[in-house]
Amino acid sequence: MPPKYIKNAGKIWTGQEEIKLAQFASQNKPTRVIGLLLGRPVNGVRAKAQELGVSLKPTNQSPYDRRLS
């Protein structure tokens, strides 16, 4: 049985899925988790994010894992 996360591979993205992708990205969810939540392969998530101009880079992590005191 194939993995669940590719159930929508190759299917056209709905407007609701695009909105969810943007929301998950703004919540700093990892790309792999977004793929699992949307039932899409990671490369599909990356391609759609690039098409929509949505950044998948984390915004709340400091470089080198520094601790602020």
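Residues numbered from 1 in each chain as written. Predicted model: local features only at pLDDT ≥ 70, side-chain atom pairs only at ≥ 80, totals over all residues. Heavy atoms only, no water.

**Q** Sorry if this is basic, but what is going on with helix H2 (residues 31–38) here?
**A** Each full turn of the α-helix corresponds to 3.6 residues, which orients residues three or four apart in the same direction. When we look at burial in H2, the residues that qualify are Thr31, Ile34, Gly35 and Leu38. Looking straight down H2, one finds that the buried residues subtend no more than 100° of arc, so they occupy a single side. The exposed set on the far side of H2, more than 90 degrees from its buried face, consists of Arg32, Leu36 and Leu37. Summarising the contacts, the buried residues of H2 are in contact with helix H1 (15–26) and helix H3 (42–52). Where H2 terminates, the next one or two residues include Gly39, which has phi positive at roughly 70°. (Buried < 20%, exposed > 50% of the residue type's maximum accessible area, 1.4 Å probe, protein only. Helix = DSSP H or I, 4+ residues; strand = E, 2+ residues; numbered from the N terminus. Arc of directions from axis to C-beta. Contact = heavy atoms within 4.5 Å.)

**Q** Whenever I open this one, the nonpolar core confuses me. Can you help?
**A** One broad trend across soluble globular proteins is that nonpolar side chains are buried collectively. Residues Trp13, Leu21, Phe24, Ile34, Leu38, Val45 and Ala49 constitute the largest nonpolar core, which totals seven residues. The set of elements that each furnish at least two residues to this core consists of H1, H2 and H3. What Leu21 contacts, discounting residues up to four positions off in sequence, is Trp13, Ile34, Leu38, Val45, Lys48, Ala49, Leu52 and Leu56. (Core = buried A, V, L, I, M, F, W, Y, C linked by side-chain atoms within 4.5 Å.)

**Q** Quick question: what am I supposed to make of the packing of aromatic side chains here?
**A** Geometry of an aromatic ring pair is reported as the spacing of the ring centres plus the angle between the planes. According to the stated counting rule, one finds zero aromatic pairs in the structure shown. Between the NZ or CZ atom of Arg40 and the centre of the ring of Trp13, over which it lies, the distance is 4.4 Å. (Phe/Tyr/Trp six-rings, centres within 6.5 Å; stacked < 30°, edge-to-face > 60°. Lys NZ or Arg CZ within 6 Å of the ring centre and 35° of its normal.)

**Q** For this particular structure, what's the right way to read the side chain of Glu17?
**A** With respect to the helices, strands and loops of the structure, Glu17 is situated in helix H1. Residues in contact with Glu17, not counting those within four places in the same chain, are Asn8, Ile12, Leu38 and Arg40.

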